Amino acid sequence: MADLDDIRDGNDFGIGIPPANQSFYIKGHDHMGWGLKNRMANMFNKKSGNSVMLAFDHGFLMGPTSGLERIDLNILPLAPYVDVMMGCKGMLRSTLPPECETPIAVRADAGTTILTEMNNNVLMDVNEALAMNAQCMAIMLAIGCPSYEASTVRNLYTLVDKANPLGMPVMGITAVGKDMARDARYFGMAARVAAENGANIVKTYYAEGFEKVVAGCPVPVVIAGGKKLPEPNALELCYKAIQCGAVGVDMGRNIFQSEDPAAMAQAVAGVVHDGLTPAEGMEKFNDLKRK
Ligand code: 5RP
């Protein structure tokens, strides 16, 4: 049993000091196999080291929510502007043409929807993801949730064991529950638990003090966008996360629910890859929107 009365918060994260002895450009992956590194390199831009992943997996929880009514009409046109298309297997197969050149990441756990108790999820087979030519499998972790913490950690652990030896990376997604704290301490713990259990990429949410979340996590961290924000705020969120060491976004609503999703995808890419400030990102958004 852990000594719960003497848990000391870490405070020596070596912020700003790069990981030691790293030759491959993706954090924590020097010692992985060729196939897994190749898949990672297909998702993370070689020049910036970063990635804009477009998340459109929301339908498996909530059906055809705003911006996702028609994946073929709303989401497919955004493919040229992002590095990864991240969705559920049924939507990827039925609506993305096989000629699509943008790599795919597949949401690999499913089970329950917003109509019942969420997170009671089962896993997709790795062979199916390999057959789809997915570059990554993504599953959710409910850290701190009394009902589903154990089963979701087991899902991650099991999937890493099955996927990594076949060259398939796994992204661990930090879930945020209604009653859970949304601060860097919580996200830092959840991100670290995901990495400790073998996640190759951690997706979490931005919070003040995010540099500690990133520094304490030995693999790449990307952020989800969360609820739709006004475009300047969403770009600021991306900018702050990148400044803190995140290597990109796996963003949904703040792109596909934007008044101009294609312009927003390109503005986000400007911040993530080209170092644009939020104001410069907004300028890009407005220029593209006018066209
Ligand atoms: C849900 C997810 C979503 O992909 C994630 O929330 C990203 O979307 P958004 O930017 O809209 O929050 O993982 O489990």
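This section reports on the structure supplied with the text. Because the structure is a prediction, the values reported are computed rather than measured.

## Re the overall build of the protein
A count of helices and strands for the protein gives twelve helices and ten strands. Projected onto its principal axes, the C-alpha positions of the protein cover 60 × 40 × 40 Å. Taking all 291 residues of the protein together, 46% fall into the buried category. Within the protein, contacts between residues at least 6 apart in sequence are counted, and of these 65% link residues at least 24 apart.

## Focus on the packing of helix 9 (residues 231-243) against helix 11 (residues 261-274)
One can describe the packing of helix 9 onto helix 11 by two numbers: an axis separation of 9 Å at closest approach and a directional angle of 25 degrees. Relative to helix 11, the element helix 9 lies roughly parallel. Both helix 9 and helix 11 take part in a crossing whose hand is right-handed. Judged by residue contacts, Glu-231, Leu-235, Cys-238, Tyr-239 and Ile-242 of helix 9 engage Met-264, Ala-267, Val-268, Val-271 and Val-272 from helix 11. Taken together, the residues of the contact of helix 9 with helix 11 sort by class into nine nonpolar, no polar and one charged.

## Brief notes about the site of the ligand
Taken together, 13 residues sit near the ligand, with Ala-55, Ala-224, Gly-225, Gly-252 and Arg-253 positioned nearest. Sorting the residues of the shell around the ligand by element identifies strand 10 (248-251) and helix 10 (253-256) as the ones contributing at least two each. Tallied by class, the residues present in the shell around the ligand amount to five nonpolar, five polar and three charged.

## What to know about the environment of Val-202
With respect to the element layout, Val-202 can be found in strand 8 (residues 201-204). We classify Val-202 as buried; it has 27 C-beta atoms within 10 Å. Sequence-wise, Val-202 and Tyr-239 are 37 residues apart; in three dimensions their C-alpha atoms are separated by 18 Å. Excluding residues that lie within four positions of it along the chain, Val-202 makes contacts with Gly-172, Ala-191, Ala-194, Ala-195, Cys-217, Val-219 and Val-221.

## Here's the deal with the environment of Pro-103
Within the fold, Pro-103 resides in the loop between helix 4 (89-95) and strand 3 (104-107). A tally of 20 C-beta atoms within 10 Å means that Pro-103 is categorised as buried. The spacing of Pro-103 and Asn-133 is 30 residues in sequence and 8.3 Å in space, taken between C-alpha atoms. Not counting the four nearest positions on each side in its chain, Pro-103 is found in contact with Asn-42, Met-43, Val-84 and Gln-135.

## Some words on helix 9
Over its 13 residues, helix 9 runs 18 Å from end to end, which matches the ideal 18 Å to within 8%, given 1.5 Å per residue. Among the residues making up helix 9, those that are buried are Glu-231, Ala-234, Leu-235, Leu-237, Cys-238, Tyr-239, Ala-241 and Ile-242. Next to the buried residues of helix 9 lie helix 8 (210-215), strand 9 (221-223), strand 10, helix 10, helix 11 and helix 12 (278-290).

## A short note on unusual backbone geometry
Phi at Asn-133 takes a positive value of approximately 60 degrees, unusual for a residue other than glycine. Structurally, Asn-133 can be placed in the loop between helix 5 (126-131) and strand 6 (136-141). When the 12 C-beta atoms within 10 Å are taken as the criterion, Asn-133 is described as exposed.

## Brief notes about the environment of Leu-61
With respect to the helices, strands and loops of the structure, Leu-61 is situated in helix 2 (residues 59-62). Accessibility expressed as a C-beta count within 10 Å gives 18 for Leu-61, which makes it partly exposed. Between the C-alpha atoms of Leu-61 and Asn-119, which are 58 residues apart in sequence, the distance is 9.5 Å. Beyond its immediate chain neighbours, meaning those up to four positions away, Leu-61 contacts Thr-113, Ile-114 and Met-118.

## A look at the pairing of strand 7 (residues 170-174)
With five of five residues buried, strand 7 is to be regarded as a mostly interior element. Burial of the side chains of strand 7 extends over both faces: Val-170, Gly-172 and Thr-174 are buried on one face and Met-171 and Ile-173 on the other. Alignment of strand 6 against strand 7, held across five bridges, turns out to be parallel. Among the inter-strand pairings, Met-137 is bridged to a residue of strand 7, identified as Val-170. What joins strand 6 to strand 7 is helix 6 (residues 149-163), and the crossover it makes is right-handed.

## Section: the packing of helix 11 against helix 12
For the pair helix 11 and helix 12, the least separation of the axes is 8 Å and the interaxial angle reads 150 degrees. The orientation of helix 11 with respect to helix 12, classified from their angle, is roughly antiparallel. The way helix 11 lies across helix 12 gives a crossing that is right-handed. In contact with Ala-263, Met-264, Gln-266, Ala-267, Gly-270 and Val-271 of helix 11, helix 12 contributes Glu-280, Gly-281, Lys-284, Phe-285, Leu-288 and Lys-289. When the residues that make up the contact of helix 11 with helix 12 are grouped by side-chain class, the tally is six nonpolar, three polar and three charged.

Each value, and the rule that gives it
- The residue numbers shown here count from 1 along each chain, following its written sequence.
- Since the coordinates come from a predicted model, pLDDT governs what is reported: local features require at least 70, and pairs of side-chain atoms require 80 or more to be given and counted, while whole-chain, interface and lining totals use all residues.
- Numbering of helices and strands runs from the N terminus, with a helix taken as a DSSP run of H or I at least four residues long and a strand as a DSSP run of E at least two residues long.
- Here a residue counts as buried when 20 or more other C-beta atoms sit within 10 Å of its C-beta, as exposed when there are 12 or fewer, and as partly exposed otherwise, the C-beta atoms being derived from the backbone.
- We call two residues in contact when the distance between their C-beta atoms, placed using the backbone, is within 7 Å.
- Axis definition: a line fitted to C-alpha atoms, over the contacting stretch in the case of helices. Angles run 0 to 180 degrees between N-to-C directions.
- In this scheme, roughly parallel covers angles under 35 degrees and roughly antiparallel covers those over 145, while 65 to 115 is roughly perpendicular and the rest are oblique.
- Should the near helix be turned anticlockwise from the far one by less than a right angle, the crossing is left-handed, and should it be turned clockwise, the crossing is right-handed.
- Only Asp, Glu, Lys and Arg are considered charged, only Ala, Val, Leu, Ile, Met, Phe, Trp, Tyr, Cys and Pro nonpolar, and every remaining residue, Gly among them, polar.
- Each residue receives a C-beta atom built from its backbone; the residue is near a molecule or strand if that atom lies within 6 Å of it.
- One less than the residue count of a helix, multiplied by 1.5 Å, gives the span that helix is expected to have.
- At least two DSSP bridges between two strands are needed for those strands to be called paired.
- A crossover gets the label right-handed when its path from the first strand over the helix to the second runs clockwise, viewed with the strands pointing away from the viewer.

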